[in-house]
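Chain by chain, the residues run as shown.
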Amino acid sequence: MSDAGYDHATVERRWQAAWDDADVYRTPDDVDEPTYVLGMYPYPSGKLHMGHVRNYTITDAYARYRRMRGDDVLHPMGWDAFGLPAENAAKDRDTNPRDWTFDCIETMRDQMDAMGFGYDWEREVTTCTPEYYRWNQWLFSRFHDEGLVERRDADVNWCPECETVLADEQVEGEAELCWRCDTPVEQRELEQWFLKITEYADELLEAIDDLEGWPNSVRQMQRNWIGRQYGTELEFAVEGHGSVRAFTTRVDTIFGATFFALAPDHPISEKLAEEDDEIRRFVEHEADPDGDEPNGVATGLTATNPVTGDEIPVYVADFVLSDVGTGALMAVPGHDERDHAFATKHDLDIVPVIAPEPGDWDGETIPDAPDVSEEAFTDDGVLVNSEEYSGLDSETARERLTEDVESAEHAAQYQLRDWGISRQRYWGTPIPVVHCDDCGPVVVPEEELPVELPAFINTTGNPLDAAEEWKRTSCPECGATATRETDTMDTFVDSSWYFLRYVSPALEEAPFDVDRANDWMPVDQYVGGIEHAVMHLLYSRFFTKVLADHEGLEHREPFTNLLAQGMVQLEGEKMSKSKGNVVSPQRIVEEYGADTARLFMMQAAQPERDFDWSEEGVRSTYAFLGRLKELVDDFVRDEPAGENDAVAAYVDAEIDATIDIATAEYDDLTFNTALRETQDLVRTLRQYADYAEPHAETFERGLWAVVRLLSPVAPHVAEELADALGYDGFVVDADWPEAKIDRDAVEKRRKLVENTREDVRQIVDVAGIDDPQDIDVVVAPEWKYDALEIAIESDADNLIGELMQESHIREQGDAAASYGQDLQAEREALSMTLGPGEEHAALESAAWLIEREFDAPVSVVRADEVDESVLKNAEPGRPAIEIED
RNA sequence: GCGAGGGUAGCCAAGCGGCCAACGGCGGCGGACUCAAGAUCCGCUCUCGUAGGAGUUCGUGGGUUCGAUUCCCUCCCCUCGCACCA
């Protein structure tokens, strides 16, 4: 047999053209509840990489599978087409972002076609077109109407390289580097537009529990990101400045509060800085919120502890962050590590007020106070030194104190911040706002949308700032001369709702057709990289909820099932341009074809796992397809005329087994297992053809099953083979094969055959039989199956007694007693086997495998055809074996 | 530090209460085919064993159970995310 392969280029082009002519991937608007399969749309960088190929092969294979199962399928593709790289590329190449982007899209669409991805291109969405981004602007204005847009001064993350602000999510790691260019991020204060995602913090958090189709890791990352914490907010009176609210999760430690601390940019700190040089010096120069050391300066003021009435010193400290809690906190050095460090440094009191709960605590005795002079005790415990609260456990004390203190109330604190969407860049959606001297910022009215981007100006700053003519406009409210907002939107706005646009991509009246979206959404299966675990997936959930509340969408979550696909690596390392270890999909497609690339990837590992690209693996996959084609061609050229005998029955059963298992695996998206089974079936078919003249009908059924089981992953070659087998029409539209038996029977039959073959091998080996002459396989007598069934169902203490009540078992005498004892011994572990007739048939049809292996005739016989002495080894699920040498 | 997910035979990797000495792949060994090689096919690959047997294994140490790779606890190690968060 050769490993020559086949003419993949011709085959793939032929079927791509045929699909195209027949428009097979089109999803008409009038289908009912299609299965919505979606891969995260790519940024059009100009080149498909292996990550894309893997991502989109997964969705394509699943979409094809669902289609063959009879579903209508929505499987669209589009372009996340705004973004900074286009601007940089335009500058480098002396062109403009628009032309560059469309060139890239063109190339990538061709590459996707060459991969055989079956998209409904009539639903293509491109975010950089005014037809798309006008709806970003429209949504901005709707969000604004609903009070979900805010403009405020903010300290923002500024990337000096990209010359734009970044969302918190776009700043990476401790070193605070820009996610795009790895430049250290700086802080700037700018007027920014925010979407108030925090309004939805509770729902975004709580609904995560119901996202059962999502990986736990992603769910947990979102929970952490939202970071809700319950605690208590209460007031400390600061002399001369009135009441100051502080948030704490540990109000139970309030008797140990020995100082009070304010953030450097707290209003009181700023006021104090105006009056006091030392405080000003600290606020303006010394404060280092990023440093490890807690620094601070005494204000000379005191604050009144609302519970004890004690006056405690007030500090301005850089470890207090203005955007956490209220920007002011009560510090308890005895029970908080950071407060402890600060107190030690400034020689402040450290008072223990919580003791570890004694192991044998009775619930009331007040334990001894722990020593906290060296180290804070941060766990919950029992209150001490806390007047009437001493002796309470932390939990109860928190409740009680929050109730008792007049200014105290339960409060929640979130880590999630509002989403700053302003970007000082050109290639994005213009924020539809006009600044008027009299009216302030005014949102552009709906009928004037879209605010289109002006022509690109190659400049160092924001090109929109340089577009003088474009900037000059009139105020929509008072008509006075006004200027346009020059910031554009974060591109995550685009991707927060694109999955809705696919439903009605050309609609001119609204971003999406609400009725159809209600029918078609949510996305049934979403697939993409883990890097979007927080940002894109959280923003999309937020948008979906807002649209549900205000635009009539009947779904509150966009994605039912989420698959975070693993990386394609090379020798255990992530492929990257800088490392120079990139395998180009283009080259693989040219050399081996798209089917090989797809098949190799899908069989290499489960979709969510990382796996290593292997040139050798690719070659062997290619060889597999070539040999399969040869097998089909041989069959068609010279149709065999074998009998429908026991061997054919074996092959037939294997076909069913393969279909049954592969189907279940396709449902789970574990393509690797489905494909392994399918390849095993090909091997079985080849063995069959080698061993005997195959029964044509059975053989063809097997080939046709293989072709269809393979077709979601290797669609071109599947069409080619189906064509060779004389199938009229496209495999894409063919019915998924059906198995005639159930999984349980499949597994029992396979196990029986496998165990029997193994036993024969062992006997031959251990007994040192060189050349077996004759092999008998003896199925157990029927009464043993009955006894087994009784043993499984019975819960009587004395199993033997129970068995002996059956006359046909009792008649077996010693044999019955002996088998009964075996059953009794393994009683808890027994399970039902196939029946005697089924076992006989299964072994009969598998006998050829043993004959072939040992080159000796095999007879499968029933119990009543042999001597009793032989029968003692025969049990249900385990025939007796007699070998003559 | 907090949270999540992991640690399985030479390697990768399934299993997640009994059919588990543990699917599958790679590597290695033997055989068939071949002039030969490659490809393909058939076995073997923890230890011992002349009729299908026995023994010791699934990070560590305990526990629950008639029975644990599978459940619970301790500890060690790895990966990922978050982190001066009050």
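It should be noted that the structure appears before, not after, this text.
Model, not experiment: these values are computed from the prediction.

**Some words on the nonpolar core**
Soluble, globular proteins show a tendency: their nonpolar side chains are buried together.
Phase 1: Counting 180 residues, the largest nonpolar core has Trp419, Phe542 and Trp613 as the members making the most contacts within it.
Phase 2: Structurally, this core is a two-domain feature, drawing no fewer than three residues from each of domain 2 (585-741) and domain 3 (745-884).
Phase 3: Grouped together as the second largest cluster of nonpolar side chains are 37 residues, Val238, Leu272, Ile279 and Val316 included.

**A closer look at helix 25 (residues 743-766)**
Phase 1: Compared with the 34 Å implied by 1.5 Å per residue over 24 residues, the 34 Å span of helix 25 between its first and last C-alpha is a close match.
Phase 2: Within helix 25, burial applies to Val746, Arg749, Leu752, Val753, Thr756, Arg757, Asp759, Val760 and Val764.
Phase 3: Where helix 25 is buried, its residues contact helix 21 (646-667), strand 31 (774-778), helix 30 (836-854) and strand 33 (880-884).
Phase 4: Looking one or two residues beyond helix 25, the residue adopting positive phi is Gly768, at roughly 65°.

**Some details on the state of the cysteines**
Phase 1: Counting across every chain of the model gives zero disulfides.
Phase 2: Counting only cysteine sulfurs, Cys478 is the nearest neighbor of Cys436, a cysteine outside any disulfide, at a range of 3.6 Å.
Phase 3: Taking the relative accessible area as the measure of exposure, Cys436 reaches 6% and is therefore buried.

**A word on the packing of aromatic side chains**
Phase 1: This structure, assessed with the given rule, holds 47 aromatic pairs.
Phase 2: One aromatic cluster is present, formed by Phe143, Tyr200, Trp419, Phe492, Tyr539, Phe542 and Phe543 through successive ring pairs.
Phase 3: For Arg64, the ring lying beneath its charged end belongs to Trp19, and the centroid distance is 5.0 Å.

**Describing the protein's contact with RNA strand B**
Phase 1: Lining the immediate environment of RNA strand B, one finds 48 residues, of which Gln229, Thr248, Thr249, Pro289 and Gln687 sit closest.
Phase 2: Of all RNA strand B atoms lying within 4 Å of any protein atom, the proportion belonging to sugar or phosphate reaches 54%.
Phase 3: The contact in question runs from a base nitrogen of RNA strand B to an N or O atom on the backbone of Asp288, over 2.7 Å.
Phase 4: In the model, a base oxygen of RNA strand B is placed 3.3 Å from a nitrogen or oxygen of the Glu828 main chain.
Phase 5: Taken together, the elements giving at least two residues each to the surface near RNA strand B come down to helix 7 (216-226), strand 11 (242-248), helix 20 (615-637), helix 22 (671-691), helix 25 and strand 33.
Phase 6: Its residues assigned to classes, the surface near RNA strand B comprises 17 nonpolar, 13 polar and 18 charged.

About the criteria used
Residues numbered from 1 in each chain as written. Chains lettered and ligands numbered in written order. Predicted model: local features only at pLDDT ≥ 70, side-chain atom pairs only at ≥ 80, totals over all residues. Heavy atoms only, no water. Core = buried A, V, L, I, M, F, W, Y, C linked by side-chain atoms within 4.5 Å. Buried < 20%, exposed > 50% of the residue type's maximum accessible area, 1.4 Å probe, protein only. Domains from an automatic or database assignment. Helix = DSSP H or I, 4+ residues; strand = E, 2+ residues; numbered from the N terminus. Expected span 1.5 Å × (residues − 1). Contact = heavy atoms within 4.5 Å. Disulfide = S-S within 2.5 Å. Phe/Tyr/Trp six-rings, centres within 6.5 Å; stacked < 30°, edge-to-face > 60°. Lys NZ or Arg CZ within 6 Å of the ring centre and 35° of its normal. Near = heavy atom within 4 Å. Polar contact = N/O pair within 3.5 Å; in protein donor to acceptor, adjacent residues only side chain to side chain. Nonpolar A, V, L, I, M, F, W, Y, C, P; charged D, E, K, R; others polar.

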